[in-house]
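# Reading the structure
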Amino acid sequence: NLVEEPGGTLITNVKPSFQLFDTNQKGITNLSIDLYKDGSPLNKSAVIDDSNVIITEVVEFDEVKLSATDAFDFNDAIEIGDAIDVLRHIVKLEEFSAGSAEFHAADIDNSDTIEIGDAIDILRHIVKLEAIDSFDLIDTTGARVTKLDANVTGTASAWTLVANGDVDLSGSFDAAYTVTSDFI
């Protein structure tokens, strides 16, 4: 188990802190996730190798972006149907379950509520006024992960990377960044 951490530190024989999967339960690989807080980069990242992620410090964040911009195509993933799905949720025609991947994808601003502003953000992305290019990390209970803690012990968790704005979960990662992986 060899992982090169950003900054050049080589870590060997370390168990992963968590495993990372997409919404289709494919393991993510060959990427780093860059961590942001309040819209600003923290200049902190975590390397993903064969769906395994090793955390080396404690970091609080509120959104994640990918180191490789070609890993996920937001322009193909976010479409008018996603904005309509958000509107249908708002007027209670088809509500998302709290904690579901769809709920987190629809809650663009991570306010824990889905509002008209979220639908407008999706529409602004579609007409290229404002790009959506961030993800949420979701744990197995459906809670959004906002803290990486190197001091946590026990079995590695399996988390899901959910693309903001891709409400119908139609997007996918490029094959170069996915791997078939079993939960540890």
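Residues numbered from 1 in each chain as written. Predicted model: local features only at pLDDT ≥ 70, side-chain atom pairs only at ≥ 80, totals over all residues. Heavy atoms only, no water.

## Describing the pairing of strand E6 (residues 40–49)
As paired elements, strand E5 (residues 31–37) and E6 share six bridges and run antiparallel to each other. Paired with Tyr36 across the strands is Pro41, a residue of E6. Between E5 and the antiparallel strand that follows it, E6, lie two residues; Asp38 among them carries a positive phi value of about 55°. Bridging between E6 and strand E7 (residues 52–53) involves two bridges; their strand directions are antiparallel. Considered in E7, the bridge of Asp49 is made with Asn52. Between the end of E6 and the start of E7, which pair antiparallel, lie two residues, with Asp50 showing a positive phi angle near 55°. (Pairing = 2+ DSSP bridges. Helix = DSSP H or I, 4+ residues; strand = E, 2+ residues; numbered from the N terminus.)

## So, the confidence of the model for the chain
With 87% of its residues at a pLDDT of 70 or more, the chain has an overall mean of 87. Under a pLDDT of 50 for its full length, residues 1–14 has, in the predicted model, 24 contacts with residues more than four places off or in other chains. (pLDDT = per-residue confidence, 0-100. Contact = heavy atoms within 4.5 Å.)

## Brief notes about helix H2 (residues 80–90)
Of all the residues in H2, the buried ones are Asp82, Ala83, Val86 and His89. Seen along its axis, H2 keeps its buried residues to an arc of 120°; they face one direction. Those residues of H2 that are buried lie in contact with helix H1 (74–77), helix H3 (101–106) and helix H4 (116–126). Note on H2: the residue one or two positions beyond its end, Lys92, has a positive phi of about 65°. (Buried < 20%, exposed > 50% of the residue type's maximum accessible area, 1.4 Å probe, protein only. Arc of directions from axis to C-beta.)

## Considering a nonpolar patch on the surface
Judged by side-chain polarity, Ile80, Ile84, Leu123, Ile126, Val127 and Leu129 come together as a nonpolar surface patch covering roughly 520 Å² of accessible area. Residue position: Ile126 is located in helix H4. (Patch = residues over 30% accessible without salt bridge, like charges linked within 9 Å, V, L, I, M, F, W, Y side chains within 5 Å. Areas by Shrake-Rupley, 256 points an atom, 1.4 Å probe, with all protein chains shown as cover. Salt bridge = Lys/Arg side-chain N within 4 Å of Asp/Glu carboxyl O.)

## Side note on the environment of Leu123
Its place among the elements puts Leu123 in helix H4. Considered as a pair, Leu123 and Asp82 are 41 residues apart in the sequence and their alpha carbons are 8.9 Å apart.

## Here we look at the side chain of Lys65
On the secondary structure map, Lys65 appears in strand E9 (residues 63–66). In terms of polar contacts, Lys65 uses its side chain to reach the side chain of Asp133, at 3.2 Å. Those residues in contact with Lys65 that lie beyond four places of it in its chain are Ser32, Ile33, Asp34, Tyr36, Asp133 and Ser134. (Polar contact = N/O pair within 3.5 Å; in protein donor to acceptor, adjacent residues only side chain to side chain.)

## So, unusual backbone geometry
Its identity as a non-glycine residue notwithstanding, Asp38 has a phi of 55°, on the positive side. Topologically, Asp38 is positioned in the loop between E5 and E6. Judged by its relative accessible area of 65%, Asp38 falls in the exposed class. Its identity is not glycine, yet Asn43 carries a phi of approximately 55°, on the positive side.

## Observations concerning the packing of H2 against H4
Two elements in contact, H2 and H4, have axes whose closest approach is 9 Å; the angle formed by their N-to-C orientations is 170°. One way to sum up the angle between H2 and H4 is to call them roughly antiparallel. For the pair H2 and H4, the contacting residues are Ile80, Asp82, Ala83, Val86, Leu87 and Ile90 in the first and Ile116, Asp118, Ala119, Ile122, Leu123 and Ile126 in the second. Residues belonging to the contact of H2 with H4 are distributed by class as follows: 10 nonpolar, no polar and two charged. (Axes fitted to C-alpha atoms, helices over the stretch in contact; angles between N-to-C directions. Parallel < 35°, antiparallel > 145°, perpendicular 65-115°, else oblique. Nonpolar A, V, L, I, M, F, W, Y, C, P; charged D, E, K, R; others polar.)

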